[in-house]
Every structure is written in C-alpha cells, then in structure tokens.
Amino acid sequence: MKQLFTTAILAIGFGTLSNAQLAPQPSPSGKLEQTVGLTDLTIQYSRPSKKGRVIFGDVVPFGEVWRTGANQNTTFTNSDPVIFGKDTLKPGTYALFTKPTKESWDLFFYTSTDNWGTPDNWDDKKVALKVSAKPTALKEVVETFTISIDGLESVNGGTLTLKWDQTAVAFPFTVPTDAKVMANIKTTMRGPSANDYIEAANYYLDHKKDLKQALEWATKASEMNPEAFWIFRTKSLIQAELGDKKGAVESAKKGLALSEKTKYDNYTKMFNDSIKEWSK
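The structure contained in this document is the topic of the report that follows. Predicted model only: the values in this text are computed from it and were never measured.

A short note on the overall build of the protein chain
What the protein chain contains, in helices and strands, is 7 helices and 10 strands. Against the compact-globule benchmark of 19 Å for 280 residues, the protein chain has a radius of gyration of 28 Å, which places it well outside the compact range. Taken along its principal axes, the extent of the C-alpha atoms in the protein chain is 80 × 70 × 40 Å. Nonlocal contacts in the protein chain, meaning residues at least 24 apart in sequence, comprise 54% of its contacts between residues at least 6 apart. Counting every atom, the protein chain has about 16300 Å² of accessible surface; 52% of that belongs to carbon and sulfur. Both charge centroids of the protein chain, one from 35 positive and one from 32 negative side chains, sit 1 Å from each other.

Here you go:
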C-alpha cells in the first residue's frame, strides 16, 4: 500500500514537471500597455534578437510578409478607434504583420490572431487596415526587436515604432481624445462636482477652447469649494488669458492666502510670481 502511494506521488510530480516550461524561450515574450489620451493600447509580442545576423533582407526577406516578431502572432488591441493617416482602425484585437522592402514597409492589421507565424492562406478580406511608411537607418544596432509607442507629448496621438538591427519604421496615429473629453464634459455637466467643473475648465484652458465658458466653470468650482487654492490658480490663469489682469490678481491673492495657510510652497511661489507679473 505504501509503495502504491509513493508511486502515485511520483507520477503526480513528474506530470507537474512535464507541464512546466523547462527552459526560457529564445525570443522572450513582451507586453506593452500604453494609454494615449483616453485610449488604451496593448501590444503582446515575442522579441527575437540579432545575434550577429543580418536581419532585413536576410533573416527577414524583403518583399515577403513577416510575422513581426516571433512565435505566435503579435497582437495589437485598441479600446477606441485609432486613425492612421486617413484610415480608421476600429476598436478590437488584431495580429500585426509587415511586408518590408528597402524603400517602404507595409503594416497589416489582420483580424485572425490565432496563427503561429504567418497564415497558411493569406486572406485580404481579413486585413482590417493597411498602412505604409518609409524605414529609417539607425546609427546604432538595436539587438532585440522592439515595438514602442512614442511621441506622447500630445494627448491626441502618438507613433507606433518598430526597431531592430539598424532599421526603424514609424507609423504615426491619432486617437479621438478631444471627442471623448467633450462627450464626458457634456455628460458630467448634468450634475457636476467642484472637481468636475475645474477639470473641464483646465481642459478648456490647456486646449484654448471657449475661455469664457472655462471661467464660468472655474467660478462655480471656487464657489463650491472656496478653500481649494488650486481652483483659484486655474481661475486666475483663465482671467489673465482673457485679458482681465485685475481679476486675475484678485483670484491669485485669494489662492495665495489659502496656499500659505496650508503651506503649499510651490503654489505660493506660482501665485507670487503671477501677481508680480500681472500687476505691472
């Protein structure tokens, strides 16, 4: 009985080991999650390395569809529409394939994501979007294939970048941030809090929209939360942008008193600097 029990335990142990990964993959898995504006983007892919080889034109032949990574399909998931040039990619999950040449790269967003490598039978009907870009030669070698989302200085878009060996290809895109924010503001303003008002006012200020409307919201926010020095900061900046330097100084002085009371030195400095500037 004891021997049977021991045999059973050994069998379970070996069964568990057989299901485990015994060694690391030569091309490790990578995952990129990036929010651009209010749009969530996720890229999952395997990352092969150069290892002394010539990549493009050899390991990855020119003029042929490449899996854009290694192992199972590289996937791109977008929570909102993403616009490349004049074409819109609907929200969803897509396999990324590319066709590199010396002069240009084609990037395909493919609706079937369960292939290992490229599809046995390519179906143009499954291409949700195709975009093209010119490759750029890099001075330094990128050892391991890398996908990144760059150009995030704007909330309205970025750049999907592929880099490997001494080649980089960039695909600029935009996202519907402004449309989403405006819809959120419209919905929220049916019953807003002080924070809702000031967030809307800040957005209008930052993006040079209707500043009179922004001032109205900032004023309501200051009435609802009269102890919030940061609200008076926004209100004073809006007034200054509208040319009302006297009103801006009055709002800044109210904010200054509150920031000094709560010992927020960075705001105190900003208020003092602005009061000095606007009082000239």
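Notes on the pairing of strand β6 (residues 92-100)
Examined bridge by bridge, strand β3 (residues 75-78) and β6 share 4 bridges and lie antiparallel to one another. Bridging from a neighbouring strand, T75 pairs with A95 of β6. Inspection of the sheet shows β6 paired to strand β7 (residues 105-110) by 6 bridges, in the antiparallel sense. In the sheet register, F97 faces β7, and the bridge partner there is F108. Between β6 and β7, which follow one another and run antiparallel, lie 4 residues.

Details of the nonpolar core
Within the largest apolar cluster, 31 residues are counted, with the highest numbers of intra-cluster contacts made by F109, L160, F171 and F173. Put simply, the parts of the chain that give this core at least two residues each are β1 (29-36), β2 (39-46), β4 (82-84), β6, β7, β8 (127-133), β9 (135-150) and β10 (157-174). The element best represented in this core is β10, accounting for 6 residues. Ignoring anything within four residues of it in the chain, the contact list for F173 reads V36, L41, V82, I83, F84, I149, N156, G157, G158, T159 and L160. In terms of nonpolar packing, the next biggest core, distinct from the first, is built from 18 residues, Y197, W217, A221 and I231 among them.

Some words on the packing of aromatic side chains
On inspection of all chains with the given rule, the structure shows 21 aromatic pairs. With 5.3 Å between their ring centres and 40 degrees between their planes, F84 and F109 make a pair best called tilted. Placement of the pair is F84 in strand β4 and F109 in strand β7, with a sequence separation of 25 residues. The pair F84 / F109 is uniform in exposure class, with both members buried. Look at Y94 and F109: their rings are 6.3 Å apart centre to centre, the planes differ by 85 degrees, and that puts the pair in the edge-to-face class. Pair noted here: Y94 is in strand β6 and F109 is in strand β7, with a separation of 15 residues, a long-range link.

Reading the values: the criteria
Residues numbered from 1 in each chain as written. Predicted model: local features only at pLDDT ≥ 70, side-chain atom pairs only at ≥ 80, totals over all residues. Heavy atoms only, no water. Helix = DSSP H or I, 4+ residues; strand = E, 2+ residues; numbered from the N terminus. Rg over C-alpha atoms; globule rule 2.2 N^0.38 Å. Contact = heavy atoms within 4.5 Å. Areas by Shrake-Rupley, 256 points an atom, 1.4 Å probe, with all protein chains shown as cover. Lys, Arg positive; Asp, Glu negative; His and termini not counted. Charge placed at Lys NZ, Arg CZ, Asp CG, Glu CD. Pairing = 2+ DSSP bridges. Core = buried A, V, L, I, M, F, W, Y, C linked by side-chain atoms within 4.5 Å. Buried < 20%, exposed > 50% of the residue type's maximum accessible area, 1.4 Å probe, protein only. Phe/Tyr/Trp six-rings, centres within 6.5 Å; stacked < 30°, edge-to-face > 60°.

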